[in-house]
Amino acid sequence: MPSLAPDSLSSLITQSFTDRKRPAYGQLATADLDGTPHVRAVHFHLIPEREALAFNCHTLSAKWQQLSQNSRHEGCFFDPYRLVQIRWRGIAEPLNPRDPNEKTFLDQMWLRMRPDVRGEYWIDCGGKSSNVSERAPNLGTILCRPFLWDIYKISQKEIPTVARLIDSLWPGKISFGEYGKGERTIHELKNGRWVSRKVSLLNGK
C-alpha cells in the first residue's frame, strides 16, 4: 500500500490531523451519479496504520451513498494555526459496519465522537441503547486515500496574530502576510511513488 503522503509532507499532515485541541473540521466534496456536486464539513482523523484519513457519518447520509457509488472525492482543510491550506483528491472506502473484521476499528472510531453526537445516533435508531459507549448500527466510517495533495503555505510572518484572533473571535482585521511570499506545492502519486512540484499560487501550473 502506498504511503499516505510523501516524507516531506508527513509531519504537517500528522500535526494538522491529530491535534485534539483543534480538531480538523474540513470540507468534503462529492458528486451524485448525474454530476451534481455536494460539499459539507466533516471531522477528519488521521489513521496512520491505514495510510488514510477517515471520518464518521450516518449510513443513510448523502455522502455515504455518493461515495459508495463513486469513490472519487476532494477534501480541503485550512489549518489557521499553521497557516496552510491542505487540499487533496482521492479514493474513498466506506467500511461495512457489519463486517466483523472491522469491528475493533469501527468501535474505536465511534468513541472518537463526542458523547452527545453518539447519543443522537442512538436516538435515530429509536433510542434502543442508553449506553453511548456501545456503537450504534447506523454509524459508518469512510477512509480517504489521497492520490494528490495540493499544499498552499501562507507566509509564516503572521501566525501568532492570526491564531490569537481566531481563538478569541475578535472581529478585527486578520492579516495573512504578503500573498506573493506564500508557497504552493503539488504532490501526486504516480506508479506508486510521490512526485512533487512547485506551482503557481494563482493557477496551479
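The numbers attached to residues start from 1 for each chain and follow its sequence in the written order. With pLDDT at 70 or above as the cut-off, local features in this predicted model cover only qualifying residues; side-chain atom pairs require 80 or more to be listed or tallied, and sums for whole chains, interfaces and linings still use all residues. As a rule here, side-chain values come from all non-hydrogen atoms in the structure, and water together with hydrogens is ignored.

S.K.: Which residues make up helix α1 (residues 7-17), and what are the values?
M.R.: Classification of residues uses two cut-offs on accessible area relative to the type maximum, computed with a 1.4 Å probe and protein chains only: under 20% is buried, over 50% is exposed, and between them is partly exposed. Under the DSSP-based scheme used, a helix requires at least four consecutive residues in state H or I and a strand at least two consecutive residues in state E, with every element numbered from the N terminus. Taken together, the buried positions of α1 are occupied by L9, L12, I13, S16 and F17. Seen along its axis, α1 keeps its buried residues to an arc of 110°; they face one direction. As used here, the arc belongs to the directions running from the helix axis to the C-beta atoms.

S.K.: So what's going on with the side chain of R135? Residues and values would help.
M.R.: You can see R135 is positioned in the loop between α4 (115-124) and β6 (139-153). For R135, a relative accessible area of 16% puts it in the buried group. Side-chain atoms alone can form a polar contact between residues adjacent in sequence; in general such a contact is a pair of N or O atoms within 3.5 Å, and within protein one must be able to donate a hydrogen while the other accepts it. Looking at R135, its side chain comes within polar contact range of the main-chain oxygen of P97, at 3.2 Å. Within the local environment of R135, its side chain forms a polar contact with the side chain of D107, the two groups lying 2.7 Å apart. Contacts: residue pairs with any heavy atoms within 4.5 Å of one another. Setting aside residues no more than four positions away along its own chain, R135 makes contact with P97, K103, L106, D107, W110 and W122.

S.K.: Can you lay out the pattern of salt bridges for me, pointing to particular residues and giving the numbers?
M.R.: The rule for a salt bridge is simple: a side-chain nitrogen of Lys or Arg has to be within 4 Å of a carboxyl oxygen of Asp or Glu. For the coordinates displayed, the defined rule picks out 12 salt bridges. Residue R89 is joined to E74 by a salt bridge in which the shortest nitrogen-to-oxygen separation is 2.7 Å. Of this pair, R89 sits in strand β5 (residues 84-95) while E74 sits in strand β4 (residues 72-79); the two residues are 15 residues apart in sequence, bridging distant segments of the chain. Owing to a relative accessible area of 31%, E74 belongs among the partly exposed residues under this scheme.

S.K.: Provide a residue-level description of the packing of aromatic side chains, including the pertinent values.
M.R.: Any Phe, Tyr or Trp ring, taking Trp's six-membered ring, that has another such ring centre within 6.5 Å forms a pair; planes under 30 degrees apart are called stacked, those over 60 apart edge-to-face, and the others tilted. Scanning the model with the defined rule gives 6 aromatic pairs in all. When the ring of W88 is compared with that of W149, the centres are 5.7 Å apart and the planes differ by 50°; the resulting orientation is tilted. Taken together, the residues span a long stretch of sequence, with W88 in strand β5 and W149 in strand β6 at a distance of 61 residues. When sorted by exposure, W88 lands in the same class as W149, which is buried. Geometrically, a charge over a ring is one whose NZ (Lys) or CZ (Arg) sits within 6 Å of the ring centre while staying within 35 degrees of the ring normal. The cationic tip of R22 hangs over the ring face of Y81; the distance from NZ or CZ to the ring centre is 4.0 Å. The positively charged end of R50 is found above the aromatic ring belonging to F105, 4.3 Å away from the centroid.

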